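One letter stands for each residue in the lines below.
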Amino acid sequence: MTQTIAPRVRTLVLLILAVAGALLAGAAPASAHAALTGSDPAQGAVVDTAPSQVSLTFSEPVAVGDDSVRVLDPKGERVDKGEPADPGGTTYSVRLVSGLPDGTYTVAYQVVSADSHPVAGAFTFSIGAPSETTVSVDAQGSDEGLVGWLYGFGRYVSYAGFVVLAGGAAFVLACWAPGARVRAVQRLVVAGWLALTAATLGLLMLRGSYTTSGKVGDVFDLELLGDVLQTKTGAALVSRLLLLAAAALFLAVLFGAYARTADAGDPDRPAEGDGGEPDKRDLTFGLALGGTVVAAGLAASWAMSEHASQGLQAGVAMPVDVVHLLAVAAWLGGLTALLVALYRAPVETPVGQDAVRRFSRLAFGSVVTLAVTGVYQSWRQLGSWSAFTDTRYGQLLLVKIALVAVMVAAAFLSRRWTQRLADARVSGAAGEGERTWSAEGSERTAATVGSEEAERAEEAERAEGEKQPAGDVTVEASATSGASEASTASKASSASGGSQASDGASPAADAEAAEASTASGDTSEASAEKAGSGPDAVRAAQLARQRAATEAARQKRLRDADPNRFGLRRSVLAEAGVAVVLLAVTTVLTQTEPGRTEQDAKAAAATSSATSATGQGSGAVSLTMPFDTGGTNGKGVVSIDLDPAQAGDNSLHVYVEGPDGTPVDVPEVKIALTLDAQDIGPLPVAPDHITTGHWSASGVQIPMAGDWKVEATVRTSDIDQVTVSKNAQIG
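In this convention, every chain numbers its residues from 1, walking through the sequence in written order. Reporting of local features is limited, given that this is a predicted model, to residues whose pLDDT is at least 70; pairs of side-chain atoms are given and counted only at 80 or more, and all residues count toward the totals for whole chains, interfaces and linings. The side-chain numbers reported here are obtained from all heavy atoms of the structure, hydrogens and water having been left aside.

1. Overview of the sheet that holds strand E10 (residues 621-628)
Reasoning step 1: If you trace the five strands from one edge of the open sheet to the other, you get E10-E11-E12-E16-E15, paired in antiparallel fashion. Edge positions in the open sheet fall to E10 and strand E15 (688-691), since each of these has one partner strand only. Neighbouring strand axes in the sheet, compared pairwise and without regard to direction, differ in orientation by 25° on average.
Reasoning step 2: Across seven bridges, the pairing between strand E12 (residues 648-657) and strand E16 (residues 694-702) is antiparallel. Each bridged residue has a counterpart across the sheet, and for histidine 653 the counterpart in E16 is serine 696. Paired strands, in this sense, are two strands between which DSSP finds at least two bridges. Strands here are runs of E lasting at least two residues and helices are runs of H or I lasting at least four, both read from the DSSP assignment and numbered beginning at the N terminus. For helices, the fitted axis covers only the stretch in contact; all axes are lines through C-alpha atoms, and the angles between them, taken along N-to-C directions, range from 0 to 180 degrees.

This is how it looks when you write it as structure tokens:
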């Protein structure tokens, strides 16, 4: 039976890995979580006069650098100057050189969204009339190519490592204490720790190149690594490494002191400590508390740097995301540990039905938690029912929901097999009791009948012993003992052979049992030789080893031949296979633009296209006014941008430049708005200083549309100031 199952298991595992790999390959390039929702000038717009700046508005805050926004003229020369300004909110602007000629200009941007994903793109606008352009902006972002694929794969490995580490440890502590002694379970959990640690280090090294150039050569750039450590994502990765050091200590105690308290004799009985039950309970409580804290910290390293940290209700979304990740680990990681235990647990430490039942309860609670937290996260990321089918995020979410439903169905089958296993064990225990009572009665009868023969044999041996020397008696007794043992071994071998024929088990079971018994047999031989008992004692040790191997192989064949256990194995294997694909879909989902953001970006693009088609601008007003205060360094140009230049709330930016076009600071800048036709104003505005030559004010209230006079008062010294003005149509 094992020989038939093994190829199928290998084929299924390879198929699952292939599907997971295809999903991860489809995830590259990864869609970012911030989207460009507007620009001034708008994409494809044709403006009459050259703007003084280009503004970009994103769906969430982004991180910008020196070259994050570039504006190129028709010949490919840069016409932007200075660093992109970040006055607050989600709008970012870059200044342009004055006196730009007519033609088509290209705006290329590459920023990093607040949830750690790079965003890149380009668009064009024209001054006067469109023209031909020689600019060719590379469409491939830094998150594409080899570096992007490696980063996505590292994210998948980190998720898988966390699930196996946290879920495997939870399975041992909450469901199957003897599993702490099982080498296969130990290797599984430690492998999860190693995978998460290696993936975290890899992500930390790849991060700099992933968010900038996308070149493999920049992976080992220490300057980029230093920049990464200053970001929120870099801090989260470093925190994860520190928590993994604490997790290593947790595993040392779990598979050390705790494993020694576990009772391997009865797999369904709670472990008993060597120093008493209170000590064991204290150790279990300490491990459970410490493990929960470490696991929650590891989950928070994702929640505080990705999706949940931005958008609606971030303060609620982050703890919900932590609970969601812990529930995933408890379910999928515990399922992986159960699968390993069912296939690799030794004969003397089998997984009992009580352990499976405890995990079933744990899995049920995890599924309920996933349902509640998942509904909240879906509402937060989608925002509407149409996003389920109209966005890639919603479509992937539907696939994830379908996979969870398949896993729940497989879990239901596993629960049925567990119940059958329990019923079979109860029936077997009752039958064993009847056989034991019958055997005891037969033994008593045999003892009564043969008691007289035993007495006569003993008297004959004493009489014979008086006639023979002592050495002959010893040899004869040894020979008799050896013959008896050989006969017993022969009978046991015959019985096991018959069992093998009937059960159909593979030689792998015999080999495993023989290997397990070889060590004990060699020890017995060595002990016999040291005791100086001679070749007969060595032979007896060999026979004992053979009997142990035969018995172990027989027990393993009987266990593997149990149809209920076989059905449980297959259903759990099916669950684990779906879990691998589910984890791959989840990884792709975390790299996909949320449905709410995607729909907002589509709406903004549609508005921009409609605006371009009608030939109207974005509604923003840009005014440039030269000034001369009459004092030293009193000449320059003041520029005012009002957005969206409509009745209601507006944002205002003021820029002051010297005669050579470089930004300069002045002691004071004041703005006033007046609508003479309605006798409104002047309405004073006191902008805040942002950076050299840049002031900004938000929430500027304009009560109604009309032809407003915009006045700028510039003071260059204690006594030198001037007021300049221009009219602008607002609304």
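Now, onward.
2. Looking at the side chain of threonine 629
Reasoning step 1: Position of threonine 629 among the secondary structure elements: in the loop between E10 and strand E11 (635-643).
Reasoning step 2: With a 1.4 Å probe rolled over the protein chains alone, any residue whose accessible area is under 20% of its type maximum counts as buried; one over 50% counts as exposed, and the rest are partly exposed. We classify threonine 629 as buried; its relative accessible area is 12%.
Reasoning step 3: When checking whether two residues touch, look at their non-hydrogen atoms; a contact exists if any pair is within 4.5 Å. Once residues within four sequence positions are removed from consideration, threonine 629 is found in contact with Gly634, Val714, Thr716, Asp720, Gln721 and Val722.

3. As for the packing of aromatic side chains
Reasoning step 1: The rule is short: rings of Phe, Tyr and Trp, with Trp giving its six-membered ring, pair when the centres are within 6.5 Å, and they are stacked under 30 degrees, edge-to-face over 60, tilted in between. Inspection of every chain in the model, using the stated rule, returns 11 aromatic pairs.
Reasoning step 2: Each ring, one from tyrosine 159 and one from tryptophan 302, has its centre 5.1 Å from the other, and the planes form 15°; the classification is stacked. Here the residue tyrosine 159 occupies a position in helix H2 (residues 145-174), and tryptophan 302 occupies one in helix H7 (residues 277-303), the gap between them amounting to 143 residues.
Reasoning step 3: Given a relative accessible area of 3%, tryptophan 302 falls into the buried group.

4. Let's talk about the sheet that holds strand E1 (residues 36-40)
Reasoning step 1: With antiparallel pairing, four strands are arranged side by side in an open sheet as E1-E3-E7-E6. The strands lining the two open edges of the sheet, one partner per strand, are E1 and strand E6 (80-85). Going across the sheet, the axis of each strand differs from the next one's by a mean of 15°, ignoring polarity.
Reasoning step 2: Looking at chain direction, strand E3 (residues 53-58) and strand E7 (residues 91-96) are connected through five bridges and run antiparallel. What sits directly across from glutamine 53, in E7, is arginine 95.

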